[in-house]
Amino acid sequence: MAATLDFRTHADQSCRYSEEFVSIYYDCMDKKRRNLTRLYLDKATLVWNGNAVSGLDALGEFFESLPSSEFQVQTLDCQPVHEQATQGQTTLLVVTGGTVKFEGNKQRFFNQNFLLTAQATPNNDQPVWKIASDCFRFQDWNS
Amino acid sequence: MKKVERVVSRNPGAPVVLATLLLNRWRFNEGSKVLHMACEKELWQKIGEGFVQEYYNQFDNTNRLGLANLYSADACLTWEGSPFQGREAIAGKLVNLPFKRIKHIITEQDFQPTIDSCILIMVFGQLQADDDPPMAFHQVFMLKSQNCAWACTNDVFRLGVHNIPV
């Protein structure tokens, strides 16, 4: 019972973190694209419609190359990832879905998943979340 | 790929065991990744593809009870926004889904090795349940090597219906 409660508390907290993170991420993507790579770990990888991009420089270059965007998130799912395999680090799996309009393109549906890891911050109780893995695809359904 | 299939078919009751062999090879290969990459698909990709194939094969062609074997004991499933934790709860959800027949078609799948040697899988496809119209879905799996076998620890499923404007 205690374990169940702990898990629920853990899951609820994860959801709050992920909601906050998702709102920051897409706000950055749409309005402050230059800052977007700050949300990624140095060794992060992104798979964008099947193409892999890794490392902060490559990510920065890639995001700069995308037209300006308007994202609308319609679904958000989040799960804590078991800590045993992440070497004691707190990790969250965040899955989003919604619509995006890139300038000069028609509106499309997308799905994206993030693996977030908590970075310790000495002066702050709240962890800082960084993206370790990111996977994005357009969902070409009804289009 | 062939290797994954072969091991799976030999152990239909416990397909997660398939990975002992592959895990050893993976460790062995880590040092020579670049060379390996040039020759064939990465091992994490093969393990991921093997898992996806086995998962939807069991989903479509069995009573789904055996799917429980693909999950770790404390796995999490989020099914259309509803959470299920633990192998039993997940099996209960999957076995009791309200349709007689289902068919999945996978259109895209992405695999990523994570920093801590897990495998993150994103699957896109369409499914048809009984005589309903086909629907888009996407599903994310996290695979982790536990006790020398790969098991799914996280699973998030969503239908594409949320994306259809009203």
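Owing to the predicted nature of the structure, the values given are computational and were not obtained by experimental measurement.

Enquirer: Describe in detail unusual backbone geometry, supporting the description with residues and values.
Expert: All names here are of chain B. Positive phi is not limited to glycine here, since glutamate 80 has a value of about 50°. Locating glutamate 80 in the fold gives a position in the loop between β1 (71-79) and β2 (82-85). Positive phi, normally seen in glycine, also occurs at serine 117, with a value near 65°. Positionally, serine 117 belongs in the loop between β3 (102-113) and β4 (119-129). A relative accessible area of 33% means that serine 117 is categorised as partly exposed.

Enquirer: So what about the environment of valine 73 of chain A? Which residues, and what values?
Expert: Residue and element names in this part refer to chain A. Following the sequence through the fold, valine 73 ends up in strand β3 (residues 69-81). Between the C-alpha atoms of valine 73 and glutamine 126, which are 53 residues apart in sequence, the distance is 24 Å. In contact with valine 73, not counting residues within four places along its chain, are Val22, Tyr26, Thr96, Gly97 and Gly98.

Enquirer: With reference to specific residues and values, describe helix α4 (residues 43-61) of chain B.
Expert: Relative to the 27 Å expected for 19 residues at 1.5 Å per residue, α4 of chain B spans 27 Å between its end C-alpha atoms, a close match to the ideal helical length. Counting buried positions over the 19 residues of α4 of chain B gives 15, a clear majority of the element.

Enquirer: Give a detailed account of the UniProt feature "domain: NTF2" (unreviewed entry) in chain B, specifying residues and quantitative values.
Expert: Feature annotation in UniProt places "domain: NTF2" (unreviewed entry) on residues 47-159 of chain B, given in this structure's numbering. With 21% helix and 52% strand, the stretch residues 47-159 of chain B has end C-alpha atoms that lie 25 Å from each other.

The rules behind these values
- Residues numbered from 1 in each chain as written.
- Chains lettered and ligands numbered in written order.
- Predicted model: local features only at pLDDT ≥ 70, side-chain atom pairs only at ≥ 80, totals over all residues.
- Heavy atoms only, no water.
- Helix = DSSP H or I, 4+ residues; strand = E, 2+ residues; numbered from the N terminus.
- Buried < 20%, exposed > 50% of the residue type's maximum accessible area, 1.4 Å probe, protein only.
- Contact = heavy atoms within 4.5 Å.
- Expected span 1.5 Å × (residues − 1).
- UniProt positions renumbered as here; feature names shortened; annotations may be inferred.

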